Amino acid sequence: MPVSLILILLLATQTVATDLYLPALPSISVDLGGLPGRVQWTLTAFILAFGLAQLGAGALVDRCGRRRTLLWGLGLYVLSGVAAALATSLPLLIGSRALQGAATATCVIGARAIIRDNYAGVAGLGIMARSMTGMSVIGFLSPIVGGFVMHYLGWQATIGVVASFGLVAWLAVYFGFSETYVRSTGTGGVGFLSFFRHAQFRASSLLAGFSFSGAICFLLLSPFVFIGEFGMSGVAYGVMPALCSLAFLTGTVLCRQALLRWTVPQVVRIGACLSLLGGASQLLLWLGGVHTVWALALPQCIYMLGHGFHQPCGQGGAVAPFPLQAGRAAAVSGCVITGAAFISGQLVSVSSMPASNTLVLAMSVISALVGLIALIAIPRAYRHASP
């Protein structure tokens, strides 16, 4: 089996676990008796566990190898998905989702380490972009499939589909992947705090983290905006995150082509312009009284187009300087990325404003932060980086 396909499946475990069950959030709130803020913890707990578990996952993929860690992680991904589908109370569902988040950390960190095992420099960023293109195809389909499954079979079935995807990924790794990591005596020489001394690591991690925060805020709030405030059905709502995934897909394709022509800071600058345009246009339309579905959805798609530039450059750029510690570098970077997303998710979850107003405010602030990092911190980091 091509490694590129396995990388796509591994990276997609995260987007499937977050996007596919989104149309089910309002139904979970009704069936399990939770307020929207509490039900959002099924996603927030996933993100928190995903972020914290990455430190352990990074050490495991460097110590035990990529293949063994991935098989154990994917096994937990499947089992926790089954437990979540069978949950009869909101605390049980949240706990199962947290376990699934921890399992997902091993999949994503393992995939990023495999890329660094085989590719260096800009080539690694290009492979990351290509893998994310395939991942975003699955992300595009996930909420649509989730909307139909939710409509006809209920919210438990949507989480069951997530577990089934994990089983497919486990089979792909078991039958189609050979170990790519050769342990070196130099892997233990860099502590976790040492990564932060590298300017490229700091700037790249923050770029990916703040950009990811915008996507997470949309995932958390959009069901309650489009279903709760605008009265869309679960099937119709599934189109909204699918369009965002399509925009992200397009961004990763454009990023891969741009990396063949320009430097990383120049490519990131293109993404920053798109992110700023998305956040600013959404804010201006809303302040101008244009309170419609498309006034929120289209600017969000523009933002996600820029997100498609920032994620490959951010995630790949953070790991690139550390070929012998790729697993741990990916883990520490992943903690920064998901930590930023978790804090952002917490802030929007406790907002007392309507979900639509919260979304507009959050996206305007986040897009401004992304622009600052992309236009100032990234060029400085690459200017002072070693060749």
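Here, the structure is the one placed above.
In every chain, residue numbers begin from 1 and rise along the written sequence. Where totals are concerned, whole chains, interfaces and linings use all residues; where local detail is concerned, this predicted model gives features only for residues with pLDDT of at least 70, and gives and counts side-chain atom pairs only at 80 or more. To get the side-chain values, take all heavy atoms of the structure and skip hydrogens and water.

Draft legend 1. Geometry of the packing of helix α4 (residues 41–63) against helix α6 (residues 90–118). Their axes nearest at 6 Å, the elements α4 and α6 cross at an angle of 35°. Between α4 and α6 lies a crossing of right-handed hand. Every angle, taken between N-to-C directions, lies between 0 and 180 degrees, and every axis is a line fitted to C-alpha atoms, over only the stretch in contact when it is a helix. Secondary structure follows DSSP: runs of H or I at least 4 residues long count as helices, runs of E at least 2 residues long count as strands, and numbering of each begins at the N terminus. Left-handed is the label given to a crossing in which the near helix is rotated counterclockwise from the far helix by less than a right angle, and right-handed is the label when the rotation is clockwise.

Draft legend 2. A look at the side chain of S211. One can find S211 in helix α10 (residues 199–229). The residues contacting S211, other than those within four sequence positions of it, are Y303, H307, H310, Q311 and V370. When checking whether two residues touch, look at their non-hydrogen atoms; a contact exists if any pair is within 4.5 Å.

Draft legend 3. Structural view of the packing of aromatic side chains. Aromatic pairing here means that ring centres of Phe, Tyr or Trp (its six-membered ring) are within 6.5 Å. Orientation follows from the plane angle: under 30 degrees is stacked, over 60 is edge-to-face, and everything else is tilted. As enumerated under the stated definition, the model contains 12 aromatic pairs in all. Each ring, one from W41 and one from F342, has its centre 6.4 Å from the other, and the planes form 70°; the classification is edge-to-face. Here W41 is found in helix α4, whereas its partner F342 is found in helix α15 (residues 326–349), with 301 residues between them in sequence. For the exposure calls, accessible area comes from a 1.4 Å probe over protein chains only, and a residue counts as buried if that area is under 20% of its type's maximum, exposed if over 50%, partly exposed in between. W41 gets classed as partly exposed once you look at its relative accessible area, which sits at 31%. The interplanar angle of 85° and the centroid separation of 4.8 Å between the aromatic rings of F195 and F322 together place this pair among those described as edge-to-face. Taken together, the residues span a long stretch of sequence, with F195 in helix α9 (residues 192–195) and F322 in the loop between α14 (293–319) and α15 at a distance of 127 residues. With respect to burial, F195 and F322 carry one shared label: buried. One aromatic cluster is present, formed by F195, F196, F201 and F322 through successive ring pairs.

Draft legend 4. The arrangement of the environment of G124 in detail. Relative to the helices and strands, G124 is located in helix α7 (residues 121–153). Taking C-alpha positions, G124 is 13 Å from C255, a pair spaced 131 residues apart along the chain. Discounting residues that sit within four places of it in the chain, G124 has contacts with I115 and Y119.

Draft legend 5. Region of the structure containing the nonpolar core. Only buried Ala, Val, Leu, Ile, Met, Phe, Trp, Tyr and Cys residues count toward a nonpolar core, and they belong to the same one when joined by side-chain atoms within 4.5 Å. In terms of nonpolar packing, the biggest core is built from 116 residues, with L10, I28, L93, W155, V173, F226 and C313 touching the most fellow members. For this core, the leading source of residues is α10, giving 15 residues. Excluding residues within four positions of it along the chain, L93 makes contact with I28, L32, T42, A84, A87, W155 and I159. Grouped together as the second largest cluster of nonpolar side chains are 6 residues, F195, F201, A318 and F322 included.

Draft legend 6. Highlighting α6. Across its 29 residues, α6 extends 42 Å between first and last C-alpha, which sits within 8% of the 42 Å expected from 1.5 Å per residue. Of all 29 residues making up α6, 21 are buried, and the element is well covered by its neighbours. A helix is expected to span 1.5 Å for every residue after the first.

Interpretation note: all reported values are geometric properties and have no functional meaning in isolation.
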